[in-house]
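Summary of the model geometry
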Amino acid sequence: MSALCHPSSLRGLCTSSSSLAGRSVARKYLSTTAAKRPMMTTTPLSLTGGSWSTSSTSHFLNPYQQQQQRGIRSVGKTQGRVMILGSGWGGFKLLRDMDKNAYQVVAVSPRNHFLFTPLLASTSVGTLEFRCITEPVRGYTRNVEYHQAWCDTVNFEKSKVDCTLNLSTVPATHVTDPVTHTLQQITSNQKNQLSLHYDHLIIAVGSYSNTFNIPGVKEHAFFLKEVSDARKIRSRVLECFERAEMSRSDEERNGLLHFAVVGGGPTGVEFSSELHDFIREDCSRLFPGLMNHVTLAVYDVAPTILASFDKSLSEYCMTKFKRSGIEVRTGTVVERVEDGKLVLKDGKQIPFGCLVWSTGLTENPMTASLENRVLKSKSKRIMTDPYLRVLDNEGKVIPNVYALGDCATIKDHELPQTAQVANQQAIYLRKALNKLAKQPEKSFADVTAPFSFKNLGSMAYIGNWEAVVDMTKINENAKESGTLAWVFWRSSYLTMSVSMRNKMIIPMYWFMTWVFGRDVSSFQEYDRRKRLMNAEREG
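Residues numbered from 1 in each chain as written. Predicted model: local features only at pLDDT ≥ 70, side-chain atom pairs only at ≥ 80, totals over all residues. Heavy atoms only, no water.

**Some words on the confidence of the model for the chain**
Mean pLDDT over the chain: 85, with 82% of residues reaching 70 or higher. Within the model, pLDDT remains below 50 along residues 1–72, and this stretch shows 74 contacts once partners closer than five positions in the same chain are excluded. (pLDDT = per-residue confidence, 0-100. Contact = heavy atoms within 4.5 Å.)

In C-alpha cells form, the structure reads like this:
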C-alpha cells in the first residue's frame, strides 16, 4: 500500500481505488475532524450603501480569498508566487515560459490580450484585421491566475499590490442568505478594488504616449498604442471621406482630407505609409472625385525622419515619401492643438481631418506612483541594476522585485524602448528565475550573468511594397531598402507572430487585401435614439 498524501487533500486519502483499508482510514479521518471542527455561526447579511458585510464571509469567498484569509500565498509551489504586471512583450513572454511547477504565476493587466505592435498600423487602415495581431492572455495561461485590472500602488514592505478592476459595469450579484433564505446583494458596481500578495514581483507595465504637455493633444489627437486606437483612427479616416463627399466647399474638403502625423519615428512613418497605400489603392477607387483634395503630411521637430536608422536609409525614406506625395515637414514645432486645427510655433494654422500623435513615450500612472520610492532616470523610467532588479531611492536593490520593458532601464546604461529589448529581458529573467528554482540555496547573481542587450536591428515599412532594414549594429554593411527589404520585413514579422493561428490568418488577410482591397466597413451605434442619448451624456 502506498503512503497517504497530506490529510488536507481528499485525493490523498484515497491511496488506491481498490484498497478497503484506505477507504476505512478516510471515513475515520472525516468523522474525527468533523467532531473536532467547531460549528460556524453566520449572521444575516446587512446591506449598507449597496455593499454587504457579515461576521463570517467564508460562504462567499472564492478559494484564493480563503487562502488570503488563512495567510497562505502559494499552495504546492516551492518558490512562491510570481506576480507579473502587464501583458505586453515582456509580461506575456514570461507568462508563457515561466516554470509553473516551481512558481505560482499571477498576472495582472488591464488588457486581457497580447498585442503584436509591429503590425498595429496595418490594422488601422484595414490591411489586416484586429484579431490577426492579438493573443488572449487566458489562451496561454491555464495554470496562471489572471486579474483584469490596473495596478495602482505597490507596497514593497508588505509585498502587496493594490489594484482596480478594468471591468465594465455589470448587474449586482445576489445570493440566498442561509438564515433568512432571501436574496441579498453581496457585490456592487463600486467594489472594484482588490489587494494581492506576491513573493516575486515583475513590473512590465509599459508606457504611455508622450504629449510633452502640449495643450489640446489629448483632446483632439489620436494615438497608436492599442487596438482601440486603431479602430478609432479607421473610423475617423472613413468619416472624413464621407463628410467631404457631402461638402460643397473646396476649402472644407481640403481641411477634412488633410491627414497629419506628428512624429517621424518608425510608428509615424509606418502609419503614414499604410495610410498612403489605403488612399492610393482603395479611396481613389471609392472616392475618385476627392483625390485632388487629399494631403498627407509628417511633422517632426528633428531635422530628419527615422533618425535612429542609418543615414542613407533615412534619406531614402524621405526621398520615397516626397515622390509618393507625402509631405515631410522636419524642424517643425507644434505649439498647441485645437479642434480640427494644428497651431505651429511659427504661427501657422493648419486645418486637419485626422491627427495621429506618435512622438515618443512617457511613464504611466503605475510607475508615476513609485516616485521617491524607486530610483528613476531622467526620462522617468524605473532604474534597475544589471540583473534587472529594481533599485530603491537610495540605489539599493529591492528584494525580489524586477522591472523590464519600456517602463525600466539599467542604471548607467540607457536601453531603447523597443519590443526586442522587452523580449530579450523576458527571456533572460525567465531563465534566471527558473534556474533559481532548481538551485534555491544560491542567490540571483550566482545563477546568471548580468543582462546584455543585443541589438538585432530595426525595420520600417515605407509604402508601396517597400521597406528599410537597418542591421548595421551587427554588420556595418547589413542594410537594405526597397522591395527586397519589404519581403524581409513581412517574413520576419510573420515568423515572430506568437501563435500558429495568427501565422495562418495574417498571410490570408494579406492575400485578400491584395485581391479584393481593404474592408471599409464602419461599426458604430446605428440606433438614433441611443446615439442622441450618448451625445447628451457626453455633452
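**Comments concerning the sheet that holds strand 29 (residues 479–482)**
Backbone-to-backbone hydrogen bonds pair the strands of a sheet. The strands run either parallel or antiparallel. An order of 27-28-29 is seen for the 3 strands of this open sheet, with the pairing classed as antiparallel. Of all strands in the sheet, those with a lone pairing partner are strand 27 (458–463) and strand 29, marking the two edges. Here the average twist between neighbouring strands, direction ignored, is 15°. (Pairing = 2+ DSSP bridges. Helix = DSSP H or I, 4+ residues; strand = E, 2+ residues; numbered from the N terminus. Axes fitted to C-alpha atoms, helices over the stretch in contact; angles between N-to-C directions.)

**A short note on the side chain of Ser-358**
Here Ser-358 is to be found in the loop between strand 21 (354–357) and strand 22 (361–362). For Ser-358, the contacting residues outside a window of four places in its chain are Val-261, Val-262, Gly-263, Thr-267 and Gly-268.

**Notes on the pattern of salt bridges**
Under the defined criterion, the tally for this structure stands at 21 salt bridges. Salt-bridge contacts for Glu-226 lead to Arg-111; the nearest nitrogen and oxygen are separated by 2.9 Å. Of this pair, Glu-226 sits in the loop between helix 6 (217–220) and helix 7 (227–246) while Arg-111 is found in the loop between strand 4 (104–108) and strand 5 (113–115), placing the two residues 115 residues apart along the sequence. For Arg-329, the salt bridge is made with Glu-327, and the minimal N-O distance between the two is 2.7 Å. Given the relative accessible area of 35%, Glu-327 is considered partly exposed. (Salt bridge = Lys/Arg side-chain N within 4 Å of Asp/Glu carboxyl O. Buried < 20%, exposed > 50% of the residue type's maximum accessible area, 1.4 Å probe, protein only.)

**Thoughts on helix 14 (residues 483–496)**
Given a rise of 1.5 Å per residue, 14 residues ought to cover 20 Å, and the 20 Å separating the end C-alpha atoms of helix 14 matches this to within 8%. Three or more residues of helix 14 are buried, namely Ala-485, Trp-486, Trp-489, Ser-492 and Tyr-493. Looking straight down helix 14, one finds its buried side chains confined to an arc of 135°; they lie on one side. Along helix 14, exposed side chains directed more than 90 degrees from the buried face belong to Leu-484 and Thr-495. On its buried side, helix 14 packs onto helix 9 (266–286), strand 27, strand 28 (466–470) and strand 29. (Expected span 1.5 Å × (residues − 1). Arc of directions from axis to C-beta.)

**Topic: the nonpolar core**
Among the nonpolar cores identified, the biggest contains 97 residues, and Tyr-103, Ile-202, Phe-241, Phe-259, Leu-275, Phe-321 and Phe-444 are the most heavily contacted of them. Per-element accounting of this core gives the leading share, 9 residues, to helix 12 (residues 419–438). Residues Val-106, Leu-201, Ile-203 and Met-366 belong to the second largest nonpolar core, which totals 25 residues. (Core = buried A, V, L, I, M, F, W, Y, C linked by side-chain atoms within 4.5 Å.)

**Quick look at the sheet that holds strand 17 (residues 326–330)**
Read from one edge of the open sheet, 4 strands run 17-16-15-21, paired in parallel fashion. Only two strands of the sheet have a single neighbouring strand rather than two, namely strand 17 and strand 21. Going across the sheet, the axis of each strand differs from the next one's by a mean of 15°, ignoring polarity. Bridge analysis of strand 16 (residues 295–300) against strand 17 gives 5 bridges, and the strand direction is parallel. Within the sheet, the bridge partner assigned to Val-298 lies in strand 17 and is Val-328. Across the sheet, helix 9 lies against strand 15 (258–262), strand 16, strand 17 and strand 21, angled at about 165° from strand 15, the strand it touches most. Where helix 10 (residues 311–324) meets the sheet, its contacts fall on strand 16 and strand 17, and the angle it forms with strand 17 comes to roughly 135°.

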